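The chain contents come next:
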Amino acid sequence: MTISLSQNLIRSSLPIAQGAEAKVYKAHLTPESPPILLKYRFQKDYRHPFLNANLTRSRIAGEARAILKCLRSGVHVPGIRMVDATDGVLGIEWIEGQSLRRLLPGGAEDDGSDNVDNVDSMDTDILKEYGVSVDELMKLIGIEIAKMHRVDVIHGDLTTSNMMLRRPESFTSSDPNVTTELVLIDFGLSYQSTLTEDKAVDLYVLERAFASTHPDSEPLFAKVLAGYAETTGGNWPAIKHRLDDVRLRGRKRSMVG
């Protein structure tokens, strides 16, 4: 059996984590090149091989398209380094930095999947290293999500685990006014939509993630929404109205089980 270039690359890479849909590796395209992150969507034994192949190609291609659309629109996301839809492999830029889940209170507990050191609470010294305050960090989250929604990309899995604060020395922005980069990652569940409902649900998913992962997070998420509203402008009232509806439906589901 012939082994593809992507499979050879995976065999020589460092495993980092495995989820239900994919395995993640730290790899080098060449010995001298900077590291990249490889995402490998492995085959599922319970699926028919034909269905598995089609789903894998579709999901890898869709994730790559979403990232490219964000890149072209100025959203801070990892750059794409390679795409092998047939083998289910996506190679993206390796982000040197901290996961927001690790920076916010409570988020480091039971999370061993990142390539960063554990912290048990919001570490203001670390934030100073990145040149950002807590309030500014929350606003940055809202701004990046708003920029993404403005080009009708729905992330589908917004959590603080899927956001990285890039180290200042590894900035890619050429804009001298950009002093901090918050990077959205993991677009495996993303899709295109112009619907206000889908954008509101995206925000609601993040709100629930804040509530379940980070204690006493209401003031933090309020600042996220403030940054989102400022960037979204005239579209915000409609999205806010729909977000309130989504929250109400979520509370009703919780009450009835």
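This is a predicted model, so every value here is computed, not measured.

Notes on the sheet that holds strand β6 (residues 97–99)
- Strand order across the open sheet formed by 3 strands is β6-β8-β9, with antiparallel pairing between neighbours. One side of each edge strand has no neighbouring strand; the edge strands of this open sheet are β6 and β9 (181–184). Put simply, the sheet's adjacent strands are angled 30 degrees from each other on average, direction ignored.
- Taken together, the 3 bridges between β6 and strand β8 (residues 163–166) define a ladder with antiparallel strand orientation. When the sheet's bridge partners are listed, S99 is paired in β8 with M164.
- Packing against the sheet, helix α5 (residues 134–150) makes contact with β8 and β9, and its axis sits at approximately 50 degrees to β9.

So, the sheet that holds strand β4 (residues 80–84)
- If you trace the 5 strands from one edge of the open sheet to the other, you get β1-β2-β3-β5-β4, paired in antiparallel fashion. The strands lining the two open edges of the sheet, one partner per strand, are β1 (14–18) and β4. Here the average twist between neighbouring strands, direction ignored, is 20 degrees.
- Judged from the 4 bridges that link them, β1 and strand β2 (residues 23–28) form a sheet pairing that is antiparallel. Opposite L14, over in β2, you have K26 as the bridge partner.

What about helix α6 (residues 196–213)?
- Over its 18 residues, α6 extends 26 Å from the first C-alpha to the last, a length consistent with the 26 Å expected when each residue adds 1.5 Å.
- Residues of α6 that are buried: D198, K199, A200, D202, L203, Y204, L206, E207, A209, F210 and T213.

A few points about the nonpolar core
- Judged by nonpolar contacts, the single largest core of 46 residues is most densely connected at I141, I145, M148, F187, L206 and F210.
- The leading source of residues in this core is α5, at 7 residues.
- Mapped onto the domain boundaries, this core takes at least three residues apiece from domain 1 (5–93) and domain 2 (97–249).
- Apart from the residues within four sequence positions on either side, F210 is in contact with L104, M138, I141, T160, S217, L220, F221 and V224.

Observations regarding the environment of I126
- Inspection of the secondary structure puts I126 in helix α4 (residues 124–130).
- Between the alpha carbons of I126 and Q98 there is a distance of 9.3 Å; along the sequence they are 28 residues apart.

Re the packing of α5 against helix α7 (residues 218–232)
- Where α5 meets α7, the axes come as close as 7 Å, and the angle between the chain directions of the two elements is 45 degrees. Judged by the angle between their axes, α5 and α7 are oblique. When you trace α5 past α7, the crossing you get is right-handed. Every residue of α7 that contacts α5 at V134, D135, M138, K139, I141, G142, I143, I145, A146, K147, H149 and R150 is listed here: L220, K223, V224, G227, Y228, E230, T231 and T232.
- When grouped by side-chain class, the residues that make up the contact of α5 with α7 number 9 nonpolar, 5 polar and 6 charged.

About the criteria used
- Residues numbered from 1 in each chain as written.
- Predicted model: local features only at pLDDT ≥ 70, side-chain atom pairs only at ≥ 80, totals over all residues.
- Heavy atoms only, no water.
- Pairing = 2+ DSSP bridges.
- Helix = DSSP H or I, 4+ residues; strand = E, 2+ residues; numbered from the N terminus.
- Axes fitted to C-alpha atoms, helices over the stretch in contact; angles between N-to-C directions.
- Contact = heavy atoms within 4.5 Å.
- Expected span 1.5 Å × (residues − 1).
- Buried < 20%, exposed > 50% of the residue type's maximum accessible area, 1.4 Å probe, protein only.
- Core = buried A, V, L, I, M, F, W, Y, C linked by side-chain atoms within 4.5 Å.
- Domains from an automatic or database assignment.
- Parallel < 35°, antiparallel > 145°, perpendicular 65-115°, else oblique.
- Left-handed = near helix turned anticlockwise from the far one by under 90°.
- Nonpolar A, V, L, I, M, F, W, Y, C, P; charged D, E, K, R; others polar.

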